[in-house]
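These are the residues of each chain, in order.
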Amino acid sequence: MISTAHRDAPGDVLPAPMIPQLDRTALFADLDGTLAPIEATPQAVGPNASRRRLIDALTRALSGRFAVVSGRSLADIDRVFENRVAAVAAVHGLVRRNAERKLFATAVGEGALTAALDTLRAFAANHAGLLVEDKGSAIALHYRQSPASEPASRTLARHLAADLALEVQEGDMVVELRVPGPDKGDAINAFMAESPFAGYVPVFLGDDFTDESGFEAAQALGGFGVIVGARRPTLAKYALADVAAARTWLQRAVDAAR
Ligand SMILES: [Mg+2]
C-alpha cells in the first residue's frame, strides 16, 4: 500500500540519475509529465520540433531500444510522435506494439465500458469543465479544468468499477476506468523479453501513479526508474525535477554516446 504520509521525509529526497551509457541501455519513457509538459487538455499536446530531434537522436543512439509507455491511446501517441516511435505501450499497458510493429491488445468485453461511458458522459454534461476521453480499453475522466469535481468524479469511478468489474486508474487530475489486464510494468517486461530490448539494462522515466509498476519492473530487471517531478512516495531510485530536466538528461546521454 503506497502511503502519502511521508511526503516530506528525508528518505524521499532522491538523487539525480547518472548519465546512462546508451549502448547498454533499453530506454522506456512515459509521455505526459515526462517527455512533454502537462497541458490543459490532452489534445493540446502535439508534435514538437525539439522533442522530435531528441527522440530521433535517442532512437539512433539506442539502435531502436526505445519505447514510449503511456496512458494515452495508441492513435494519440502516434499523433504526438508523428508515427516515429515503433515500440509503444498505450492505455497504461493494455495495448502494446513491439519494435516490429506487431500489435498486442487486451480483449475488451462488450457492455461494461459502454455502460461506463454513457454514465460518465451524463455526469460530465452536468459538471462544466469535465472532459471524458474514450480510449477503447479505458475511459478517462479529466477534471483538470474542474478541480472541484474531483471528489465526485473519483467516487463515481469507484462505484462504476465495482458495478461493472472494471479497474480504477488514478492519475494527475484524472481518474480512469480500464478493463483488467497488463499494466506498464507488464508492458516493460514484455518488451524486455523481445528483440531489440532483451539483454540490455532497462531505464524507465515516468511521473504519475501509473508509472510505479514500470519503476518496479525496470529495477527488478537490473535497471532503474527515474521519477520526473515532485510526486512522492515512489519506488523510483532517482529523480529529475521536471520535464526540462528530463530532456536535458536524455540529451546529455545522446551527446555522451557520440
Ligand atoms: Mg505521465
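No experiment lies behind these values; they were computed from the predicted model shown.

**Observations concerning unusual backbone geometry**
Alright, step 1. Along the chain, Ser195 connects to Pro196 via a cis peptide bond; the corresponding omega equals 0°.
Alright, step 2. Following Arg232, the chain continues to Pro233 via a peptide bond in cis, the omega torsion being 0°.
Alright, step 3. For Pro233, the position within the fold is in the loop between strand E11 (224-228) and strand E12 (238-240).
Alright, step 4. Positive phi outside glycine occurs at Ser63, with the angle close to 50°.
Alright, step 5. When you line up the elements, Ser63 lands in the loop between helix H1 (49-61) and strand E2 (66-69).
Alright, step 6. Even without glycine at this site, Met173 takes up a positive phi of about 65°.
Alright, step 7. Classification of Met173 by relative accessible area gives partly exposed; the value is 23%.

**Here's the deal with the pattern of salt bridges**
Alright, step 1. Evaluated as defined, the whole model comprises 16 salt bridges.
Alright, step 2. Its salt-bridge partner being Arg97, residue Asp78 comes within 2.9 Å of it at the nearest N-O pair. Taken together, the positions of Asp78 in helix H2 (residues 74-80) and Arg97 in strand E4 (residues 95-97) put the pair 19 residues apart, joining distant regions of the chain.
Alright, step 3. Judged by relative accessible area, which is 7%, Arg97 ranks as buried.
Alright, step 4. Shared partners join several salt bridges into a network, and the residues in it are Asp32, Arg72, Asp76 and Arg79.

**A short note on the domain arrangement of the protein chain**
Alright, step 1. Looking at the assigned domains, one finds that the protein chain contains domain 1 (22-106 + 182-257) and domain 2 (110-178).
Alright, step 2. Its C-alpha centre places domain 1 at a distance of 25 Å from the equivalent point of domain 2.
Alright, step 3. Listed by partner, the interface residues are 18 residues for domain 1 and 14 residues for domain 2.
Alright, step 4. Across the interface of domain 1 and domain 2, roughly 1200 Å² is buried in total on both sides, 56% from carbon and sulfur atoms.
Alright, step 5. Among the residues domain 1 hides against domain 2, the three largest losses belong to Pro42, His92 and Leu94. Together they make up 32% of the total.
Alright, step 6. The interface formed by domain 1 and domain 2 contains zero salt bridges.
Alright, step 7. For the interface between domain 1 and domain 2, the tally reads four residue pairs in polar contact (both at pLDDT 80 or more).

Conventions and cut-offs
- Residues numbered from 1 in each chain as written.
- Predicted model: local features only at pLDDT ≥ 70, side-chain atom pairs only at ≥ 80, totals over all residues.
- Heavy atoms only, no water.
- Helix = DSSP H or I, 4+ residues; strand = E, 2+ residues; numbered from the N terminus.
- Buried < 20%, exposed > 50% of the residue type's maximum accessible area, 1.4 Å probe, protein only.
- Salt bridge = Lys/Arg side-chain N within 4 Å of Asp/Glu carboxyl O.
- Domains from an automatic or database assignment.
- Contact = heavy atoms within 4.5 Å.
- Buried area = accessible area lost by both parts, 1.4 Å probe.
- Polar contact = N/O pair within 3.5 Å; in protein donor to acceptor, adjacent residues only side chain to side chain.

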